[in-house]
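# Examining the three-dimensional arrangement
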Amino acid sequence: MIALKLGVTADDVKNVIIWGNHSSTQYPDVNHAKVKLQGKEVGVYEALKDDSWLKGEFITTVQQRGAAVIKARKLSSAMSAAKAIADHVRDIWFGTPEGEFVSMGVISDGNSYGIPDDLLYSFPVVIKNKTWKFVEGLPINDFSREKMDLTAKELAEEKETAFEFLSSA
């Protein structure tokens, strides 16, 4: 979406973060994203200059993408999930390029972003030698904090429901 809006290829956009759950509460965050425009790397916010789109339509479109794929195709979004799996395997195998990171659902233990432990949560990670590590020290603004906490809350509730189900089985 960002590449289309800026008239560049998707390869020219990097470090967009998906925080949290794979659901309608996931938070696509471009605060740390970069885009290559006319040979120069700039921040996505600086390039787009459209705060309302980035905090509105962009987020809701990404959050509803799975449902939109199903509606448009009248079929499962399994191919989209399969592509994501293939991308993850590629990233684990080859690592992330220097200065770039990817978002990956990993166990939240030991993160520096205030997300409770024991959740499978999407974070920005770097991968080297087939081992992932959290990207540390990214500043989080109040808007992002609210979105990140909302998706963490949903994951904690899903975890609790799953444990209740398992203990009654």
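One can find the structure itself at the top, above this paragraph.
Now for a description of the structure that goes with this document. (Residues numbered from 1 in each chain as written. Predicted model: local features only at pLDDT ≥ 70, side-chain atom pairs only at ≥ 80, totals over all residues. Heavy atoms only, no water.)

On to helix α6 (residues 78-94). An ideal rise of 1.5 Å per residue puts 24 Å on 17 residues; α6 measures up with 24 Å between its terminal C-alpha atoms. Remark: G95 follows α6 within two positions and exhibits a positive phi of approximately 80°. (Helix = DSSP H or I, 4+ residues; strand = E, 2+ residues; numbered from the N terminus. Expected span 1.5 Å × (residues − 1).)

It is worth spelling out the sheet that holds strand β4 (residues 34-37) at this point. The strand order β1-β4-β5 describes an open sheet built from three strands, whose pairing is antiparallel. Edge positions in the sheet fall to β1 (13-14) and β5 (40-43), since each has one partner strand and no second. As defined by bridge partners, β4 adjoins β5 across four bridges and the pair is classed as antiparallel. When the bridges of β5 are listed, V35 appears paired with V42. (Pairing = 2+ DSSP bridges.)

Turning our attention to the nonpolar core. Ranked by size, the top nonpolar core spans 37 residues in total, and within it I2 and F123 carry the most contacts. Those elements that provide at least two residues to this core are α1 (2-6), β2 (17-19), α2 (44-48), α3 (51-55), α4 (57-63), β6 (102-107), β7 (120-128) and α7 (142-168). Broken down by element, this core gets its largest block of residues, four residues, from β7. The contact partners of I2, leaving out residues within four places of it in the chain, are V13, V16, V30, V44, L48, W53 and F58. (Core = buried A, V, L, I, M, F, W, Y, C linked by side-chain atoms within 4.5 Å. Buried < 20%, exposed > 50% of the residue type's maximum accessible area, 1.4 Å probe, protein only. Contact = heavy atoms within 4.5 Å.)

Right, let's get into a nonpolar patch on the surface. Taken together, the side chains of F163, F165 and L166 define a hydrophobic patch exposed on the protein surface, amounting to about 370 Å² of accessible area. The residue F165 is located in helix α7 in this model. Taking the relative accessible area as the measure of exposure, F165 reaches 59% and is therefore exposed. (Patch = residues over 30% accessible without salt bridge, like charges linked within 9 Å, V, L, I, M, F, W, Y side chains within 5 Å. Areas by Shrake-Rupley, 256 points an atom, 1.4 Å probe, with all protein chains shown as cover. Salt bridge = Lys/Arg side-chain N within 4 Å of Asp/Glu carboxyl O.)

Applying the stated criterion across every chain yields a total of one cavity of 30 Å³ or more. Empty space within the largest cavity amounts to approximately 40 Å³. The wall of the largest cavity is formed by Y27, P28, D29, V30, N31, Y45, L54, K55, F58, I59 and F143. Those elements that provide at least two residues to the lining of the largest cavity are β3 (27-29), α3 and α4. Take the lining of the largest cavity: its biggest share by element is three residues, from β3. Residue classes in the lining of the largest cavity are distributed as eight nonpolar, one polar and two charged. (1 Å grid on protein atoms, 1.4 Å probe; cavity = no way out; pocket = protein on both sides within 12 Å on 5 of 7 lines; lining within 4 Å. Points joined across faces, edges and corners; volume = space filled by probe spheres on them. Nonpolar A, V, L, I, M, F, W, Y, C, P; charged D, E, K, R; others polar.)

For the structure shown, the criterion picks out seven aromatic pairs. Each ring, one from W19 and one from F123, has its centre 6.2 Å from the other, and the planes form 80°; the classification is edge-to-face. Taken as a pair, W19 in strand β2 and F123 in strand β7 lie far apart in primary sequence, 104 residues in all. For W19, a relative accessible area of 0% corresponds to the buried category. Here the aromatic cluster, defined as three or more aromatic residues joined through ring pairs, consists of W19, Y113, Y121, F123, W132 and F134. (Phe/Tyr/Trp six-rings, centres within 6.5 Å; stacked < 30°, edge-to-face > 60°.)

Before going further, it helps to spend a moment on the environment of K55. As for its position among the elements, K55 is in helix α3. Residues K55 and S144 lie 89 residues apart in sequence; the distance between their C-alpha atoms is 9.8 Å.

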